[in-house]
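Spelled out, the chains give:
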Amino acid sequence: MSRSVRSTECTTSTCNIHSQYNASSSASFQDLSRMLTIQFGTGSLTGRLGHENINMGGVILEDQPFGQILSTVGEVFSLPFDGICGLSYRMTDSVEACFLDGIKKSERLNEKAFTFYFGKNESSLILGAPDKSIRGDDVEWYEVSNKYYWEAKLKDVKIGGTSLLNNTFQDSFSAVFDTGTSVMTMPTAQATMAMTLLRDMGLSCQMIRDGKAPEICYEFEGESKKSICVHNWYENAEGVDESSLSSCAPALMTLDLARENVLILGQPYFSEHVTTFDVENDRIGVYRMQS
């Protein structure tokens, strides 16, 4: 997916409340004379492709393909963001606009990678090597298993030490690290097992509020790979009906893909871990934030 920003040619009320890009005022802009259409789960956009030097936090990525948004559909585009930056691998040979190409080609980056940090008071997308105050030395690296999404092969998933995968399913599973997903996801079969397991464990609103609810841990293929555990993967339990488990439940959604068994690590995971996406070496670095 490309970088896409709202164009001054978009005159809708949704576009006008955001910062907009004016191609006519840029000496480095090149028009590709190609249209762009992107469908999301919460809306869609149309636009026109071009090339431009893109400045992200003071790092300039030169001659990058990007989309000028001309129209949008969906209430999500009224939220306070001015553009979209797709972070996946190049999904087909016909896709020209790939953010990762710009990272890999940049001579300004000492580390051909980008890192996400979601702190209590601030959040950052960092190009290159992050400061050690954000990402310490104790980083665990997981190889990308399929250069499509940022994903790694799973060996098992456990809730409170009880397996969801081992000795039950013969298929292979992968974990996708996705900043654009607000919850954790599982295929229907595993999500059903997870909910049944939590009920059997007596999950309650009080357990969640006291920080005593079961954590979920992801075990990965490979020698001596540390498990990634997420403690606070539950919905906010303040002011809810104590008698209903559905009111105090994990931030979990079912997602079934036709050809892959994928579990997405969404925002609950990112709220507890600093994550580096190493473009040059095709690996994912995970550093657990200090409490």
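No experiment lies behind these values; they were computed from the predicted model shown.

Overview of the sheet that holds strand E18 (residues 283–288)
Pairing is antiparallel across the open sheet formed by 5 strands, whose spatial order is E7-E6-E17-E18-E8. Strand pairing shows two members of the sheet lacking a second neighbour, strand E7 (123–127) and strand E8 (140–143), which therefore form its edges. Between one strand axis and the next, the sheet turns by 15° as a mean value, whatever way the strands run. For strand E6 (residues 113–118) and E7, the ladder comprises 5 bridges, and the chain directions are antiparallel. Following the sheet pairing, Phe114 is matched in E7 by Leu127.

Focus: the pairing of E8
Residues Glu140 and Tyr142 point to one face of E8 and are all buried, whereas Trp141 and Glu143, pointing to the other face, are not buried. Where E8 and E18 come together, 4 bridges link them in antiparallel fashion. The residue bridging Glu140 from the neighbouring strand is Val286, located in E18.

Quick word on the pattern of salt bridges
Counted according to the given criterion, the structure contains 10 salt bridges. Ionic pairing is found between Arg108 and Glu62, a salt bridge with its closest N-O pair at 3.6 Å. In this pair, Arg108 sits in the loop between helix H2 (99–105) and E6 while Glu62 sits in strand E4 (residues 59–73), placing the two residues 46 residues apart along the sequence. Pair check on accessibility: Arg108 and Glu62 agree, each one exposed. The salt bridge partner of Glu219 is Lys158, with a shortest N-O separation of 3.2 Å. In this pair, Glu219 is assigned in strand E13 (residues 216–220) and Lys158 in strand E9 (residues 151–159), connecting sequence segments 61 residues apart.

The rules behind each value
Residues numbered from 1 in each chain as written. Predicted model: local features only at pLDDT ≥ 70, side-chain atom pairs only at ≥ 80, totals over all residues. Heavy atoms only, no water. Pairing = 2+ DSSP bridges. Helix = DSSP H or I, 4+ residues; strand = E, 2+ residues; numbered from the N terminus. Axes fitted to C-alpha atoms, helices over the stretch in contact; angles between N-to-C directions. Buried < 20%, exposed > 50% of the residue type's maximum accessible area, 1.4 Å probe, protein only. Salt bridge = Lys/Arg side-chain N within 4 Å of Asp/Glu carboxyl O.

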